[in-house]
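Breakdown of the fold
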Amino acid sequence: MPCPPFITEENSKVKKSKSNWSEDTKLTHAGRDPDAYHGIVNPPISRTSTILYPDLAAYENPSHRYRYGRMGNPMSDAFESAMAELESGIGAVGTQTGMAAITTSILSIVKSGDHVLMVDTVYPPTRYFAANILKRMNVEVEYYDPMIGADIQSLIRDNTSIIYLESPGSATFEIMDVPTITKIAKDKGITTILDNTYSAGILFKPLDHGVDISFQSCTKYVGGHSDINLGVIATKDEALLKLIRSAAWDLGVAPTAEDMYLALRGLRTLTTRMKQNAANALEVLGYMQTREEFAKLFHPSLETHKGHDIWKRDFKGANGLIGFMLQDAPSKAVHDFINALELFPIGSSWGGFESLCQPQDLKSYRTAVPWDGTGACFRLQVGLEAPKDLIGDLEQGLKVFNAEK
Ligand SMILES: *Cc1c(COP(=O)(O)O)cnc(C)c1O
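Residues numbered from 1 in each chain as written. Predicted model: local features only at pLDDT ≥ 70, side-chain atom pairs only at ≥ 80, totals over all residues. Heavy atoms only, no water.

Quick look at the sheet that holds strand β5 (residues 191–195)
How we decide: Strands are labelled as partners when DSSP assigns at least two bridges between them. For helices the rule is a DSSP run of H or I covering at least 4 residues; for strands it is a run of E covering at least 2, with both sets numbered from the N terminus onward. Note on geometry: axes are lines fitted to C-alpha atoms, helical ones only across the stretch in contact, with angles between N-to-C directions running from 0 to 180 degrees.
The strand order β1-β7-β6-β5-β4-β2-β3 describes an open sheet built from seven strands, whose pairing is mixed. Edge positions in the sheet fall to β1 (91–95) and β3 (140–144), since each of these pairs with one other strand and no more. In this sheet, adjacent strand axes meet at a mean angle of 20° when their direction is disregarded. Relative to strand β7 (residues 231–235), β1 runs antiparallel, the two sharing five bridges.

Here's the deal with the site of the ligand
Applied cut-off: Throughout, near means a residue has at least one heavy atom within 4 Å of the molecule or strand. Each polar contact in these results corresponds to two N or O atoms within 3.5 Å; when the atoms are within protein, one needs to be able to donate a hydrogen and the other to accept it, and residues that are neighboring in sequence are counted only if both atoms are side-chain atoms. Gly falls in the polar group here, along with every residue not listed as nonpolar (Ala, Val, Leu, Ile, Met, Phe, Trp, Tyr, Cys, Pro) or charged (Asp, Glu, Lys, Arg).
Inspection of the region around the ligand gives 13 residues, with M99, D195, S217, T219 and K220 positioned closest. Interatomic distance of 3.1 Å between a side-chain N/O atom of N229 and an oxygen atom of the ligand. Contact distances for the ligand include 3.4 Å between an oxygen atom and a side-chain N or O atom of W350. A total of three residues in the shell around the ligand trace back to one element, the largest contributor, which is helix α4 (residues 98–107). Per-class residue counts for the shell around the ligand are four nonpolar, six polar and three charged.

Notes on the sheet that holds strand β10 (residues 356–359)
Rule in force here: Two residues form a contact once any of their heavy atoms are found within 4.5 Å.
Within the open sheet, the four strands sit side by side as β8-β9-β11-β10. Their pairing is antiparallel. Unpaired on one side and paired on the other, β8 (294–298) and β10 mark the two borders of the sheet. Averaged over neighbouring strand pairs, the angle between their axes works out to 25° when direction is ignored. Alignment of strand β9 (residues 321–326) against strand β11 (residues 377–381), held across five bridges, turns out to be antiparallel. By the bridge assignment for β11, L321 is matched with Q381. Across the sheet, helix α9 (residues 270–289) touches β8, β9 and β11, and the angle it forms with β9 is around 20°. Its contacts with the sheet put helix α11 (residues 331–340) on β8, β9, β10 and β11, and the angle it makes with β9 is roughly 150°.

Points about the packing of α4 against helix α5 (residues 124–134)
So the rule is basically this: Orientation is classified from the angle alone, with under 35 degrees giving roughly parallel, over 145 giving roughly antiparallel, 65 to 115 giving roughly perpendicular, and any other angle giving oblique. The hand of a helix crossing depends on one turn: near helix anticlockwise from the far one by less than a right angle means left-handed, and clockwise means right-handed.
Close contact between α4 and α5 brings their axes to 11 Å; oriented N to C, the two are set at 50°. Between α4 and α5, the angle falls in the class oblique. α4 and α5 meet at a crossing whose hand is right-handed. The segment α4 lies against α5, with M99, I102, T103, I106 and L107 engaging P125, T126, F129 and L134. Classifying every residue of the contact of α4 with α5 gives seven nonpolar, two polar and no charged.

Written out as structure tokens, the structure reads:
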């Protein structure tokens, strides 16, 4: 019984964008229906747990749209409908956090005794979920090289139920050959799930490249202002959508109306912000390439980057993230460099308006392709500050580094 029978799946109250509109136009309209709300531009926040029925017959009517706050409300309809458009799905399911999108996607498919293939460059908390929960459920998770391509075939077993992808990979941004892998998975009846947070639904459309389930953490670019945790899962497949909806209900991961409201607000400026984040990051990257202190740089636009050609083939661009490994240096020099940065404070997450820097302990969480770099690794989130100020900040930090290394 995938869904309680009284819930209808379609977001019936929400107008769809015209199919010939370009993305910028779609994202100004997606999920909005002013006519339904007295002309109010944005859908009002619907705060609800209880929904009342005029009589018992209405309660028993299977097509009654709303039942209970956690099981759907006008705000979740607006948000999910907009996000389905962004990810080119037939529908989408909102989740409290990006992490809940990960766990709900996997748990909607997997069962005890299954084998799951997971990319080695996965977002580290996904790895912890596999080690802490999936293992206890008797699900075996095997990690594979993000550059595996068609060789994924050799790892598939009779009980493989999921191939889990993330492209670009976390921290080092390897680009996977998604169409090749999804074709093999389809032939074998294996479900593919891709973490699309990097692309925010803009730079890459997994569902158009054969992926069955695409999800993202809206905490990042969609939210865009470092003030929410939220996730969303999209698919083009009616049966999968039901399974995901059912898992989300069973797990109780419904997001708050306020967070969905803020995500919709972020959506209106998503393409504009991302273009600026990306352009700023390219300028900062250009400077970093001139400095030997950055022993390795990770950004899909670099010709030497793993999967650069696939990125050119499949992606519309890069986002505002840059990974780097510093030259070997004493720990004090590394600390004093990072602490000297004023415009790149240390903090988790990315996709907001402001720049950040976060250490990346690659050695501790790569297993299929062990990390052999010797320098300290970090990830910069390049925000909307002027690139010249960001570059100036890195420059003054490097003076501290060089004085001590
Ligand atoms: C942040 C992030 C998530 C998790 O999102 P939360 O809202 O923090 O739970 C998942 N995947 C990737 C790639 C992320 O960067």
